[in-house]
Number of protein chains: 2
Amino acid sequence: MYRSHTCGELRMEHASQPVTLAGWVQTVRKFGSITFIDLRDRYGITQLLLGESLNAQLDNQPLGREFVLQVKGTVTERTNKNPNIPTGDVEITVSEFTILNSSKTPPFTIQDDTDGGDELRMKYRYLDLRRNLVKQNLTLRYRVNRSVRNFLDSRGFMDIETPYLIKSTPEGARDFVVPSRMNPNQFYALPQSPQTFKQLLMVSGYDRYYQIVKCFRDEDLRADRQPEFTQIDCEMSFVDQEDILTTFEAMTKHVFQEIKGITFNEAFPRMTWEDAMKYYGNDKPDIRFEMKLVDLGETARGNGFKIFDEAELVVGINAAGCSEYTRKQLDELTEWVKRPQIGMTGLIYVKYNTDGSLKSSVDKFFNEEGLKLFAQQCNANPGDLILILAGKEERTRKAMSELRLEMGERLGYRNKDVYKPLWVIDFPLFEYAEEENRWVARHHPFTAPKPEQLHLMDTPSEYGKIKANAYDIVLNGTEIGGGSIRIFQKDLQEKMFSALGMSKEEAQHKFGFLLGAFEYGAPPHGGIAFGFDRFCSLLGGSETIRDFIAFPKNNSGRDVMLDAPSEIDQVQLDELKLSLLK
Amino acid sequence: MYRSHTCGELRMEHASQPVTLAGWVQTVRKFGSITFIDLRDRYGITQLLLGESLNAQLDNQPLGREFVLQVKGTVTERTNKNPNIPTGDVEITVSEFTILNSSKTPPFTIQDDTDGGDELRMKYRYLDLRRNLVKQNLTLRYRVNRSVRNFLDSRGFMDIETPYLIKSTPEGARDFVVPSRMNPNQFYALPQSPQTFKQLLMVSGYDRYYQIVKCFRDEDLRADRQPEFTQIDCEMSFVDQEDILTTFEAMTKHVFQEIKGITFNEAFPRMTWEDAMKYYGNDKPDIRFEMKLVDLGETARGNGFKIFDEAELVVGINAAGCSEYTRKQLDELTEWVKRPQIGMTGLIYVKYNTDGSLKSSVDKFFNEEGLKLFAQQCNANPGDLILILAGKEERTRKAMSELRLEMGERLGYRNKDVYKPLWVIDFPLFEYAEEENRWVARHHPFTAPKPEQLHLMDTPSEYGKIKANAYDIVLNGTEIGGGSIRIFQKDLQEKMFSALGMSKEEAQHKFGFLLGAFEYGAPPHGGIAFGFDRFCSLLGGSETIRDFIAFPKNNSGRDVMLDAPSEIDQVQLDELKLSLLK
């Protein structure tokens with residue numbers, strides 16, 4: 001036995017007990033002939049006191065930070081108690097110590113406010129993982145995992161493992177593929193999600209399935225995307241949308257209660273996709289604050305201001321209480337919307353001054369009466385500031401959605417400790433992919449159209465109107481999960497594939513097993529998948545999922561600690577019957 | 001709501017309640033103007049009674065097996081109760097039914113004793129999964145998963161996810177590799193186990209880690225091996241072998257108690273690897289029965305029988321009570337040992353007849369006294385049969401080990417309901433790979449030599465003598481888990497790599513991150529991994545792990561349901577900068 005106790009558990013009640021501890025040296029402090037050491041392990045920190053004779057030993061065996069120590073000694077009451085740590089009342093009067101391992105000086109400090117940069121910490125991830133902050137994040141992740149499992153177990157969901165070496169079906173994101181040696185020139189694919197498997201499990205009668213499972217997407221990585229990520233993947237049979245929303249709202253509440261101690265008494269609000277787009281400019285509204293988008297087109301046009309007249313969309317928001325914004329602040333906001341990520345050419349403002357007067361950047365075209373109309377439409381009062389963007393519809397809406405979030409941020413409306421969940425429902429079934437010149441599935445090709453709109457599936461020109469029982473759960477402006485009621489009839493699934501431009505042969509080749517399964521008594525079913533990494537990061541009050549993954553990859557998909565990916569031996573290539581192209 | 005109750009929950013107490021059920025048609029039985037339907041779901045079977053008017057409806061809408069039905073009706077007491085099922089006291093008097101989906105006639109019957117062959121059931125796995133037997137297996141797997149998690153959670157182990165896209169390190173089995181598009185001509189590997197990651201987590205101070213995790217090995221598949229399989233992967237810090245054995249013996253007992261209701265009051269027996277090889281001929285003895293191997297060399301040699309005289313090993317077992325074996329039975333056993341899998345040229349027997357006389361197939365060379373010596377060495381009594389093999393040491397030992405198991409089988413000693421766990425300890429650190437002409441790691445290159453034998457690491461000629469604190473947990477002759485105390489010192493790890501024939505550069509290239517980690521205060525640590533599929537199959541009383549995997553692959557690594565692996569598009573190959581060799 002290397003230890004009798006951990007570094008987190010000794011209290012006054014253990015006083016005068018002989019103990020053995022093991023852990024890492026956090027700090028060494030010498031005071032004359034006495035040395036104090038803070039010994040750390042996963043469970044806490046305990047102070048060690050080394051008296052004169054051991055001190056002499058230390059002169060021959062110098063101790064540094066992160067050395068691994070084993071000590072024997074007696075628990076003693078501290079004279080100088082430390083009320084900030086649970087073990088702060090006691091220290092160990094050490095009688096014997098063994099250096100189990102030494103340590104070089106770490107390349108950065110193992111502290112919350114470390115001096116290590118991102119790259120360095122990724123390279124020495126095993127040291128970064130020692131930091132309290134990271135440990136808390138991974139502990140939170142583990143607790144959320146358990147909380148989710150406990151909830152789903154209690155609701156009759158079965159954890160069933162689905163395979164990782166599956167079939168490549170280039171639809172949706174790009175697959176990672178795995179060459180097969182035993183089946184030369186053929187490849188497996190890594191799953192983008194267990195979608196078809198969980199549906200097959202419903203066909204097989206498993207009724208309620210879940211899995212906390214790794215998924216893979218070979219996409220160009222935007223900031224904070226990972227090529228491998230974890231989903232809480234769930235599916236239920238004999239349900240409609242309401243059953244699923246109720247079940248997973250309860251799960252979300254359960255996790256919040258257990259992890260954050262936050263109780264949601266009310267049902268989560270629900271918003272249609274159309275309203276979300278109209279009032280928030282995107283499909284994952286941050287409803288911690290209002291500041292809704294207002295279409296000002298009618299008021300704006302026909303006043304000789306070319307930008308308004310030629311705009312597909314003129315849209316405003318009311319930044320309440322901001323009428324005192326200075327020239328400089330407004331210029332800065334204008335620069336902000338002109339950044340390439342936002343892509344607007346300018347920003348129009350209307351100040352509704354506290355004295356009731358109005359002042360705008362378009363005074364040339366609008367008199368006070370005209371400006372007042374804007375104010376009325378935006379529900380603005382004296383003291384408020386109206387910000388207006390105009391231009392191509394899609395870009396302008398997106399820009400205004402971003403500007404709204406930016407203003408929310410600046411005005412302190414986006415408090416990380418306030419959680420506002422929301423269901424966004426009634427997503428469109430299809431969306432048009434301009435580049436590919438075809439309709440693609442908004443969610444995925446297994447999502448069912450709303451039953452009352454089934455007939456529109458026969459008329460491609462109506463595809464844009466079809467809605468689905470598809471839903472996202474949104475938390476503070478971030479999608480944390482999404483799902484849908486699925487197609488469970490073979491003919492409808494075939495119609496769907498055909499609507500997506502797949503030939504019968506292609507559909508059969510790629511999804512023959514699913515179409516086959518639908519011929520043998522498939523039940524109505526639906527499901528949802530939560531982005532586990534993202535959910536954890538929001539619960540942890542962070543925006544960076546990397547902080548909640550033990551061994552994350554960087555933005556080029558590299559594990560810089562392992563130095564992976566890397567070249568492989570020619571033997572391996574030969575066995576796989578592959579050759580590399582330069 | 002598609003249903004008010006499941007097909008497994010209605011009892012007499014629900015009588016006269018209106019209910020809605022949904023499920024699959026198991027059977028349809030017509031009796032004149034009445035039809036009985038057994039409706040099935042995951043939870044059970046409930047009998048439906050369709051009266052005259054609905055019967056007429058059935059004439060227009062014929063119902064077949066595996067149709068998906070929704071019915072409304074009233075719970076009624078049955079006249080003909082079925083005591084064999086929990087719902088057998090009641091039936092539903094149906095007032096309304098809806099066919100939710102139809103089904104073609106399944107290609108095999110959805111019953112325990114299905115008429116479907118292996119290939120067919122693999123192709124239609126989603127139908128095979130409907131069979132009760134398979135459902136019970138997957139349910140057992142889920143329960144074991146939960147039981148293991150609950151135990152490990154309660155012991156302070158943290159579930160931490162490790163990456164799937166890692167670095168290829170050709171050592172041990174062959175890696176599956178994943179070409180990287182973003183890092184052209186470079187490859188990730190899929191993990192054969194999270195070995196190095198769990199060790200890094202120990203270096204990071206996580207103290208107790210576990211994961212139920214998929215692992216991958218691209219090996220030629222023997223029967224009942226899967227290219228992807230699941231491990232219960234665990235690691236602990238500041239422990240010696242005793243801590244690990246105690247912890248995971250407790251876990252195994254916990255699982256047996258919860259899943260099988262079996263209590264092990266005694267500690268699991270422990271056997272050294274040397275004893276296992278000596279007395280059972282292999283490193284995973286089935287100790288449900290004795291029938292130990294006895295080295296008969298001294299007695300056997302020097303009697304003029306060439307086969308004995310030239311043999312490296314003459315080894316016997318005592319098949320107690322088998323002296324009455326007929327000529328035919330003995331011939332058959334001889335054929336059995338001559339099969340290519342066993343590879344012996346013959347079998348020698350000594351019958352110790354009930355009358356005390358002895359008769360053997362080598363009477364020409366041994367008189368009764370000589371034969372009695374064999375009997376004494378084998379602890380044989382009148383009525384017993386001694387079976388003897390002779391030949392090259394390794395092959396003969398292996399063959400005798402197989403013959404022992406075969407005899408155990410024939411004599412009914414290998415009862416599936418009897419569970420005899422065993423720790424095999426003190427494995428050799430190295431074994432010599434003749435083909436490669438070098439020493440390889442018996443367990444893996446991270447296993448520590450026994451501290452008292454450390455000095456032998458400097459002398460290659462002594463490598464064969466070095467033992468490790470490495471252990472396997474064996475259940476009824478099958479290894480269900482194995483692990484070791486690890487190396488945690490950089491210099492020892494380097495010495496180990498060098499003993500395995502790795503140059504310093506190569507070691508640095510492949511395992512630089514681990515060697516680096518060992519420089520920053522690595523704690524003593526060790527761990528174990530259980531083969532989860534195998535453990536479940538043993539608990540389920542089956543020898544086929546495939547029966548405990550939802551979507552298994554066949555012996556060529558193919559998923560015949562998906563038809564994977566398969567060819568991929570040229571576009572995909574181009575993006576990956578790969579070309580195929582014929």
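Residues numbered from 1 in each chain as written. Chains lettered and ligands numbered in written order. Predicted model: local features only at pLDDT ≥ 70, side-chain atom pairs only at ≥ 80, totals over all residues. Heavy atoms only, no water.

- Looking up chain A in an unreviewed UniProt entry gives the name Aspartate--tRNA ligase, with the organism given as Chitinophaga lutea.
- If you open the UniProt record of chain A and go to Subunit (unreviewed entry), you find "Homodimer."
- Under the UniProt heading Sequence similarities (unreviewed entry), the note attached to chain A is "Belongs to the class-II aminoacyl-tRNA synthetase family. Type 1 subfamily." (UniProt positions renumbered as here; feature names shortened; annotations may be inferred.)

1. As for the interface of chain B and chain A
Move 1: With 125 residues of chain B at the contact, the number on the chain A side is 125 residues.
Move 2: Between chain B and chain A lies a buried interface of about 11400 Å² when both sides are counted; carbon and sulfur atoms form 57% of it.
Move 3: On the chain B side of the interface with chain A, the three residues burying the most area are E161, F238 and Y520 of chain B, jointly 8% of the side's total.
Move 4: For the pair chain B and chain A, the number of links is 14 salt bridges.
Move 5: Among the salt bridges present, the one from R141 of chain A reaches E161 of chain B, with a minimum N-O distance of 2.8 Å.
Move 6: Between the two partners, chain B and chain A, sit 75 residue pairs in polar contact (both at pLDDT 80 or more).
Move 7: Top element by residues in the side of chain B that touches chain A is helix 4 (residues 132–154) of chain B. It accounts for ten residues. (Contact = heavy atoms within 4.5 Å. Buried area = accessible area lost by both parts, 1.4 Å probe. Salt bridge = Lys/Arg side-chain N within 4 Å of Asp/Glu carboxyl O. Polar contact = N/O pair within 3.5 Å; in protein donor to acceptor, adjacent residues only side chain to side chain. Helix = DSSP H or I, 4+ residues; strand = E, 2+ residues; numbered from the N terminus.)

2. A short note on the packing of helix 10 (residues 327–338) of chain A against helix 12 (residues 393–410) of chain A
Residue and element names in this part refer to chain A.
Move 1: Running from N to C, helix 10 and helix 12 cross one another at 140°; their axes reach a closest spacing of 11 Å. Relative to helix 12, helix 10 is oriented oblique. For helix 10 against helix 12, the interelement crossing comes out right-handed. Between helix 10 and helix 12, the residues in contact are E332, L333, W336 and V337 and E402, L403, E406, M407 and R410, respectively.
Move 2: Here the residues of the contact of helix 10 with helix 12 are counted per class, giving five nonpolar, no polar and four charged. (Axes fitted to C-alpha atoms, helices over the stretch in contact; angles between N-to-C directions. Parallel < 35°, antiparallel > 145°, perpendicular 65-115°, else oblique. Left-handed = near helix turned anticlockwise from the far one by under 90°. Nonpolar A, V, L, I, M, F, W, Y, C, P; charged D, E, K, R; others polar.)

3. What about the side chain of Q241 of chain A?
Move 1: Within the secondary structure, Q241 of chain A is located in helix 6 (residues 241–260).
Move 2: When neighbours within four sequence positions are excluded, Q241 of chain A is seen to be in contact with I425, N469, A470, Y471 and I485 of chain A.

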